[in-house]
Amino acid sequence: MQKERFAMQVAVHLFLVKGEQVLLLRRYNTGYEDGNYSVPAGHLDGNEEVKTAAIREAKEECGIDIDPASLEMVGVMHRRSNDERIDFFVAATKWRGEIINAEPNKCDELVWVDMDKLPPNVIPYVRQALSNFRRKQWFDSFGWEPAFEWKKS
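Residues numbered from 1 in each chain as written. Predicted model: local features only at pLDDT ≥ 70, side-chain atom pairs only at ≥ 80, totals over all residues. Heavy atoms only, no water.

**Student:** Whenever I open this one, helix α1 (residues 50–62) confuses me. Can you help?
**Tutor:** A turn of α-helix holds 3.6 residues, and therefore any two residues three or four places apart point the same way. In a regular helix each residue adds 1.5 Å, so 13 residues correspond to 18 Å; α1 covers 18 Å between its end C-alpha atoms and thus fits that length. Taken together, the buried positions of α1 are occupied by Val50, Ala53, Ala54, Arg56, Glu57, Ala58, Glu61 and Cys62. Structurally, α1 contributes buried residues whose contacts are with β1 (9–18), β2 (21–27), β4 (41–43), β5 (71–80) and β6 (84–92). Two to three positions downstream of the cap, the backbone nitrogen of lysine 51 sits 2.7 Å from a side-chain oxygen, assigning the N-cap of α1 to glutamate 49. Looking one or two residues past α1, glycine 63 carries a phi angle of roughly 70 degrees, positive in sign. (Helix = DSSP H or I, 4+ residues; strand = E, 2+ residues; numbered from the N terminus. Expected span 1.5 Å × (residues − 1). Buried < 20%, exposed > 50% of the residue type's maximum accessible area, 1.4 Å probe, protein only. Contact = heavy atoms within 4.5 Å. Polar contact = N/O pair within 3.5 Å; in protein donor to acceptor, adjacent residues only side chain to side chain.)

**Student:** Sorry if this is basic, but what is going on with the UniProt feature "domain: Nudix hydrolase" (unreviewed entry) in the chain here?
**Tutor:** In the numbering adopted here, UniProt assigns the feature "domain: Nudix hydrolase" (unreviewed entry) to residues 7–135. The distance from the first to the last C-alpha atom of residues 7–135 is 30 Å, and the span holds 19% helix and 38% strand. (UniProt positions renumbered as here; feature names shortened; annotations may be inferred.)

**Student:** Hey, could you run me through helix α2 (residues 124–135) in this one?
**Tutor:** For α2, which comprises 12 residues, the first-to-last C-alpha distance of 17 Å matches the rise-based estimate of 16 Å (1.5 Å per residue) to within 8%. All of the buried residues along α2 are Tyr125, Val126, Ala129, Leu130, Asn132 and Phe133. Along the axis of α2, the buried positions cluster into a sector of 160 degrees, meaning they face one direction only. Buried residues in α2 make contact with β1, β2, β3 (37–38), β5, β6 and β8 (139–142). Phi turns positive one or two residues past the end of α2, at lysine 136, with a value near 60 degrees. (Arc of directions from axis to C-beta.)

**Student:** How should the nonpolar core be read in this particular structure?
**Tutor:** In summary, soluble globular proteins display a tendency toward joint burial of nonpolar side chains. Of all hydrophobic cores here, the largest spans 20 residues; its most connected members are Phe15, Val22, Leu24 and Leu130. Counting only elements with at least two residues in this core, the list comes to β1, β2, β5, β6 and α2. Residue contributions to this core peak at five residues, all from α2. Beyond its immediate chain neighbours, meaning those up to four positions away, leucine 130 contacts Phe15, Val22, Leu24, Met115 and Leu118. Val12, Val50, Ile66 and Ala92 belong to the second-largest nonpolar core, a separate cluster that totals 15 residues. (Core = buried A, V, L, I, M, F, W, Y, C linked by side-chain atoms within 4.5 Å.)

**Student:** Where do I start with the side chain of serine 38 in this structure?
**Tutor:** Its location among the elements puts serine 38 in strand β3. Given a relative accessible area of 4%, serine 38 falls into the buried group. If sequence neighbours within four positions are ignored, serine 38 has contacts with Leu23, Leu24, Leu25, Arg27, Ile123 and Val126.

Shown next, in the form of structure tokens:
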């Protein structure tokens with residue numbers, strides 16, 4: 001009898017960037033982090049490449065089209081909160097169309113903010129990912145207790 005392998009959710013988060021500003025959306029009526037700011041994001045649907053998922057989410061949430069060549073992979077996070085996840089972070093500075101709130105049933109505000117002056121109610125792991133992006137840190141773990149402490153000899 002073969003042991004069932006562990007599986008986890010995988011998500012993609014999109015940093016839409018204009019100069020020093022990033023687009024944030026305030027979650028609404030979703031049951032997860034409602035009232036707090038995030039970036040356009042969603043789960044991979046399966047049989048879907050990360051950049052393809054980011055392009056799909058950009059269209060679904062913001063009404064814009066992004067050329068895959070305009071997307072830059074900027075980070076990965078192994079995260080634990082209610083469950084364990086892998087998050088991919090993708091950035092774009094060019095897109096086609098005007099950004100709109102295409103999901104008003106899940107988002108009640110879109111706002112451009114300076115990445116150095118994020119509102120206090122940005123979801124903590126998103127805040128950390130934006131900080132990592134600014135520092136060009138490509139990988140991070142979030143929400144984990146240290147597994148052990150190094151002892152100095």
